[in-house]
Every structure is written in structure tokens, then in C-alpha cells.
Amino acid sequence: MSQFEFRSVPRQHTAVVVVTTPTARISEAMGQAFGTVFAAVGRLGATPVGPAMCRYTAYTEESVTFEAGVPVAEPFPGDGDVVGSEIGGVEAAVAVHVGPYDTLAQTYGALTAWIESRGRRPGSVMWELYLNDPDTTPPDQLRTEIFWPAEEAS
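No experiment lies behind these values; they were computed from the predicted model shown.

A.B. asks: Could you give me a rundown of the layout of surface pockets, with the residues and numbers involved?
C.D. replies: Considered as a void within the structure, the largest pocket measures approximately 660 Å³ in volume. Taken together, 21 residues line the largest pocket, and the ones lying closest to its centre are Ile-26, Tyr-56, Tyr-101, Leu-104 and Glu-128. Broken down by secondary-structure element, the contributors of at least two residues to the lining of the largest pocket are helix H1 (26-44), strand E3 (53-59), helix H2 (104-117) and strand E8 (126-130). Looking at the lining of the largest pocket, the element that brings in the most residues is H1, giving five residues. Forming the walls of the second largest pocket are 13 residues, and the residues nearest its centre are Val-9, Pro-10, Gln-12, Ile-87 and Leu-129. Of the residues belonging to the lining of the second largest pocket, the class tally is nine nonpolar, three polar and one charged.

Here it is as C-alpha cells:
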């Protein structure tokens, strides 16, 4: 099981594609979005400064809206469907999930319980950094860093 911590996360510029898709098609939609983002980043000569990321802004059993992209050194000016955005600038609960993406829900559940046990509540938006390449890494060795802003419970 992951170790959890609260961390002050500095604001970071990103280049992203905003996607709304059926929940069952997240993986396919995310793969397409990353291809679009990396092509635009290359065309504009933007400098990636971290691994691929996904910021989830809305989630239901039926659909999900997310920003898929990459952290960049400077504000991204936009290129077609690829726009500039940001992550960070908050205190967040942080965990590293090790294993297949389809088991991320287990780490999210444990992280939720940990946040609440500290008198806080998870925010409505969270993001993930994908620390290794799923095309070359066995699923049981995939590492995903989860950032979930947490507010004081009222």
C-alpha cells in the first residue's frame, strides 16, 4: 500500500486537451489526447518539464471530463485543440500507486479514507502523473503519482 502525505504543490503550467468521454473509454481517449498534445508541444517548441499527466475535473459512472497533457516550462499559447492550463498551487494529499491503471480505484479509496481520518475532505478535482511508460513497463510495475487537494472539513 502506498504511503500518503500532504504536500504543498507549486503551480505548474500544462499543455492539455480537454476531453469528455464515456467512463469505459478513458484509456482510449487519453491515448489519443496524449498524441495530440505531444504533437502540438513539438510543433511549437514547448519544453516538457515532467511526465504525462491527467487532471480530472468531472467524474460519474457514465462519463468523465479530464485534461490530458504534459507540464511545460512556460504558459502554453494553444494550438488547435491543445490549450494551456495549470495544475498545483495547492496543498494536496499525495500517493504513489504501483500497479495496473485498473486498480487505481483501490488507492483512491485508501487515500480518501486517509484524508478524512485527518479531518479533511477530498476536493472535487485531482490529477495524476504517469511516472513510467505503459508501452514498455509491465502493468504490475506502473507507477502513478496521485495529487488530491484536500480541504479542512467543516
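From this point, the narrative continues.
A.B. asks: Could you give me a rundown of the pattern of salt bridges, with the residues and numbers involved?
C.D. replies: Counted under the stated rule, the structure contains nine salt bridges. The partner of Arg-7 in a salt bridge is Glu-145, and the shortest N-O contact between them spans 3.2 Å. In this pair, Arg-7 is assigned in strand E1 (residues 5-9) and Glu-145 in strand E9 (residues 143-152), connecting sequence segments 138 residues apart. Salt-bridge contacts for Glu-28 lead to Arg-25; the nearest nitrogen and oxygen are separated by 2.5 Å.

A.B. asks: Before we move on, can you summarise the pairing of strand E4 (residues 63-71) with the specific residues and values?
C.D. replies: Taking burial as the measure, the nine residues of E4 include eight buried ones, the bulk of the element. Relative to E4, strand E2 (residues 12-22) is paired through nine bridges, and the arrangement is antiparallel. Following the sheet pairing, Pro-22 is matched in E4 by Ser-63. Alignment of E3 against E4, held across six bridges, turns out to be antiparallel.

A.B. asks: Lay out the nonpolar core with the relevant residues and their values.
C.D. replies: Proteins that are soluble and globular tend to have nonpolar side chains buried together. Of all hydrophobic cores here, the largest spans 34 residues; its most connected members are Met-30, Tyr-56, Phe-66 and Leu-111. Looking at this core, the elements with two or more residues in it are E2, H1, E3, E4, strand E6 (90-98), H2, E8 and E9. Looking at which element gives the most residues to this core, the answer is H1, with eight residues. What Leu-111 contacts, discounting residues up to four positions off in sequence, is Phe-4, Ala-93, Ala-95, Ile-146 and Trp-148.

A.B. asks: Quick rundown of H2? Include the residues and the values.
C.D. replies: The terminal C-alpha atoms of H2 lie 20 Å apart, and with 14 residues this matches the ideal 20 Å at 1.5 Å per residue to within 8%. Along its buried surface, H2 packs onto E1, E6, strand E7 (120-122), E8 and E9. One or two steps after H2, the chain reaches Gly-119, where phi turns positive at roughly 75°.

Conventions adopted
- Residues numbered from 1 in each chain as written.
- Predicted model: local features only at pLDDT ≥ 70, side-chain atom pairs only at ≥ 80, totals over all residues.
- Heavy atoms only, no water.
- 1 Å grid on protein atoms, 1.4 Å probe; cavity = no way out; pocket = protein on both sides within 12 Å on 5 of 7 lines; lining within 4 Å.
- Points joined across faces, edges and corners; volume = space filled by probe spheres on them.
- Helix = DSSP H or I, 4+ residues; strand = E, 2+ residues; numbered from the N terminus.
- Nonpolar A, V, L, I, M, F, W, Y, C, P; charged D, E, K, R; others polar.
- Salt bridge = Lys/Arg side-chain N within 4 Å of Asp/Glu carboxyl O.
- Buried < 20%, exposed > 50% of the residue type's maximum accessible area, 1.4 Å probe, protein only.
- Pairing = 2+ DSSP bridges.
- Core = buried A, V, L, I, M, F, W, Y, C linked by side-chain atoms within 4.5 Å.
- Contact = heavy atoms within 4.5 Å.
- Expected span 1.5 Å × (residues − 1).

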